[in-house]
Amino acid sequence: MSDPVTASNNLPPDQREELLKTLQTRFMENMNRHTGIEWAQVQARLEAYPEKLWSLSEMERTGGEPDVVGFDEERGEYVFVDCSSESPKDRRNVVYDPEAQAVREKKGVYPAGNVIGMAEAMGVEVLTEQQYRDMQELGKFDTKTSSWVKTPSEIRELGGAIFMDRRYDHVFVFHNSAPSFYSSRGFRGLLRV
């Protein structure tokens, strides 16, 4: 995925400060999500890569409530994921990708966008099935909504896409046609810093 985040996406100082406070508060209130990680280390990393704050602000603005969920030792990066209890509210009613959106619009039906395009514009990755399962180990998410996840190419080539949710205290993976969209289905993003 190309990184669309540029210097023009840097946050003004007051917004940067407000976002860091929000992230710190969430971090401190949910220590179970990042055992062994200290906020000072995360903040230092964010300050070293200020362009990542813009992506985090987009995750926050669209209802994702991003939080640190781990540290990737191999890559030396902190991993943020949308940890809102339900699929981010301003990222719902979306089809899976641009091709699916074109199919809908050709029929005169206009979804709110598409997962792949929105994630790219925000500078984040769409969660994989395994990343979604890992997130569900940290709490109970999507008990009333669902979230599209990165679909394997062999499924997408046949016209499908996959989404996941949590029901009956279990995490389920489902399929749908990629041009499908619902008011209760969005997507969750992942950002490495």
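Numbering of residues starts from 1 in each chain and follows the order in which that chain's sequence is written. Local features in a predicted model are, by the rule used here, given only for residues with pLDDT of at least 70; side-chain atom pairs are given and counted only at 80 or more, and totals for whole chains, interfaces and linings are based on all residues. The basis for every side-chain value is the complete set of non-hydrogen atoms in the structure, without hydrogens or water.

**Some thoughts on the pairing of strand β8 (residues 189-192)**
Right, so step 1: Partly exposed residues are those whose accessible area sits between 20% and 50% of the maximum for their type, while under 20% is buried and over 50% is exposed, using a 1.4 Å probe and protein chains only. Under the scheme used here, helices are H or I runs from DSSP no shorter than 4 residues and strands are E runs no shorter than 2 residues, and both carry numbers assigned from the N terminus. Burial of the side chains of β8 extends over both faces: G189 and L191 are buried on one face and L190 and R192 on the other.
Right, so step 2: Two strands qualify as a pair provided that DSSP identifies no fewer than 2 bridges between them. Both strand β2 (residues 77-82) and β8 contribute to a ladder of three bridges, which runs antiparallel. By the bridge assignment, V79 is partnered in β8 with R192.
Right, so step 3: Pairing between strand β3 (residues 125-126) and β8: two bridges, direction antiparallel. Residue pairing in the sheet places V126 in a bridge with G189 of β8.

**Remarks on the packing of aromatic side chains**
Right, so step 1: Pairing of aromatic rings covers Phe, Tyr and Trp, the last counted by its six-membered ring, and requires centre-to-centre distances within 6.5 Å; plane angles under 30 degrees mean stacked, over 60 mean edge-to-face, and any other angle means tilted. A full pass over the atoms with the stated rule returns six aromatic pairs.
Right, so step 2: Through a chain of ring-to-ring contacts, the aromatic side chains of Y96, W148, F163, F172 and F174 assemble into a single cluster.
Right, so step 3: Directly above the ring of W148 sits R185, whose terminal nitrogen or CZ lies 4.7 Å from the centroid. By definition here, charges over rings are those cases where NZ of Lys or CZ of Arg is within 6 Å of the ring centre and within 35 degrees of the ring normal.

**Describing helix α3 (residues 51-61)**
Right, so step 1: When you tally the buried positions in α3, you get eight out of eleven residues, the bulk of the element.
Right, so step 2: Three or more residues of α3 are buried, namely K52, L53, W54, S55, L56, S57, E58 and M59.
Right, so step 3: Count one or two residues on from α3 and you reach G63, which has phi positive near 95 degrees.

**Quick notes on the environment of A178**
Right, so step 1: Looking at where A178 falls in the secondary structure, it is placed in the loop between β6 (170-177) and β7 (185-187).
Right, so step 2: With a relative accessible area of 0%, A178 lands in the buried category.
Right, so step 3: In the structure, A178 is positioned 30 residues away from W148 in sequence and 9.7 Å away in space, judged by C-alpha atoms.
Right, so step 4: In what follows, a contact means two residues having at least one pair of non-hydrogen atoms within 4.5 Å. When near neighbours in sequence (up to four residues on either side) are disregarded, A178 contacts V95, Y96, A100, W148, R156, G159, G160 and A161.

**Digging into the sheet that holds β6**
Right, so step 1: Strand order in the open sheet formed by four strands is β6-β5-β4-β7, and the pairing between neighbours is mixed. Lying at the two open borders of the sheet, with one neighbouring strand each, are β6 and β7. Going across the sheet, the axis of each strand differs from the next one's by a mean of 35 degrees, ignoring polarity.
Right, so step 2: Both strand β5 (residues 160-167) and β6 contribute to a ladder of eight bridges, which runs antiparallel. Along β6, the bridge assignment pairs R166 with V171.
Right, so step 3: Axis lines are fitted to C-alpha atoms, over the contacting stretch for helices. Their N-to-C directions set the angle, which ranges from 0 to 180 degrees. The strands touched by helix α6 (residues 129-136) are β4 (146-149), β5 and β6; relative to β5, the strand with the most contacts, the crossing angle is about 10 degrees.

**Notes on unusual backbone geometry**
Right, so step 1: Look at E65: it is not a glycine, yet its phi comes out positive at around 50 degrees.
Right, so step 2: Topologically, E65 is positioned in the loop between α3 and β1 (66-72).
Right, so step 3: A positive phi is found at Y168, a non-glycine position, where the angle reads about 55 degrees.
Right, so step 4: Relative to the assigned elements, Y168 resides in the loop between β5 and β6.

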